[in-house]
Amino acid sequence: MDWMMILATAVAASLMTLGVLAAWMKFFVSPSLARDLETLLKEQAEQAADLMAVKVEEAVRRGIVDGVTSLPTREVLQGTTRNIARTSVEIVEERLGSLFGKRRK
């Protein structure tokens with residue numbers, strides 16, 4: 001009978017220890033751990049955002065440089081400008097001719 005009492009006391013003490021440990025984890029450790037984890041996640045997100053900003057800035061800079069360096073030569077730009085001006089003049093002549101009754105041959 002003595003060993004039964006010893007066993008019951010040991011089981012009761014173990015259950016009480018587990019209860020106290022569970023309460024300590026729930027009310028003290030868990031909130032502190034959650035705060036620390038949230039702080040760590042915020043810091044990591046800020047670092048990732050900064051890294052992304054740097055990468056995007058570099059990509060935009062590289063794109064602008066590539067765009068500027070790949071502009072057509074001066075002769076091509078002048079030819080395109082002349083073609084646009086010639087086409088515009090032809091459109092205006094056609095419209096004015098249709099208003100005043102003159103047709104282009």
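Here we summarise the structure given alongside this text. (Residues numbered from 1 in each chain as written. Predicted model: local features only at pLDDT ≥ 70, side-chain atom pairs only at ≥ 80, totals over all residues. Heavy atoms only, no water.)

**Structural notes on the overall build of the protein**
Spelled out, the test is: Put simply, DSSP marks the helices as runs of H or I at least four residues long and the strands as runs of E at least two long, and each gets a number from the N terminus on. To get the radius of gyration, use the C-alpha atoms; to get the globule rule, take the number of residues to the power 0.38 and multiply by 2.2 Å. Each residue's exposure class comes from its accessible area (1.4 Å probe, protein chains only) as a fraction of the maximum for that residue type: buried when under 20%, exposed when over 50%, partly exposed otherwise. Exposure was quantified through the Shrake-Rupley algorithm and a 1.4 Å probe, taking into account, for residues, occlusion by the shown protein chains and nothing else.
In terms of regular secondary structure, the protein is built from 2 helices and 0 strands. Relative to the 2.2 N^0.38 estimate, which gives 13 Å for 105 residues, the radius of gyration of the protein is 41 Å and therefore markedly larger than a compact globule would have. Here the C-alpha coordinates of the protein stretch approximately 130 × 35 × 20 Å along the principal axes. Counting all 105 residues of the protein, 1% fall into the buried class. Accessible surface, the protein as shown: approximately 9900 Å² in total, 67% of it carbon and sulfur.

**Some thoughts on the pattern of salt bridges**
We apply this condition: Every case where a carboxyl oxygen of Asp or Glu lies within 4 Å of a side-chain nitrogen of Lys or Arg is listed as a salt bridge.
This model, assessed by the stated rule, comprises 1 salt bridge. A salt bridge links arginine 61 to glutamate 57, with the shortest nitrogen-to-oxygen separation between them at 3.0 Å. Residue arginine 61 and its partner glutamate 57 are located together in helix α1 (residues 2-69), separated by 4 residues, close to a single helical turn. Exposure remark for glutamate 57: the relative accessible area of 45% places this residue in the partly exposed category.

**Remarks on the environment of leucine 15**
Structurally, leucine 15 is set in helix α1. For the pair leucine 15 and glycine 79, spaced 64 residues apart in sequence, the C-alpha to C-alpha distance is 92 Å.

**Some thoughts on a nonpolar patch on the surface**
To keep things clear, this is the line we draw: Patch members must show over 30% relative accessible area and no salt bridge, and they are joined within 9 Å when carrying like charges or within 5 Å when they are nonpolar side chains of Val, Leu, Ile, Met, Phe, Trp or Tyr.
On the surface, Met1, Trp3, Met4, Leu7, Val11, Leu15, Leu18, Leu21, Trp24, Met25, Phe27 and Phe28 cluster together into a nonpolar patch covering about 1400 Å² of accessible area. Positionally, leucine 21 belongs in helix α1. Looking at leucine 21, the relative accessible area reads 43%, which means it is partly exposed.

**Comments concerning α1**
The condition that has to hold: A helix's residues, less one, multiplied by 1.5 Å, set its expected span. For a residue, the bend is simply the angle between two axes, fitted respectively to the seven-residue segment ending there and the seven-residue segment starting there.
Taking 1.5 Å per residue, 68 residues should reach 100 Å; α1 reaches 95 Å between its end C-alpha atoms and fits that length. Along α1, the sharpest change in direction is near 40° and occurs at methionine 25.

**Description of the environment of valine 76**
As for its position among the elements, valine 76 is in helix α2 (residues 74-100). The class of valine 76 is partly exposed, set by a relative accessible area of 45%. When the C-alpha atoms of valine 76 and alanine 48 are compared, they prove to be 44 Å apart, with 28 residues separating the residues in sequence.

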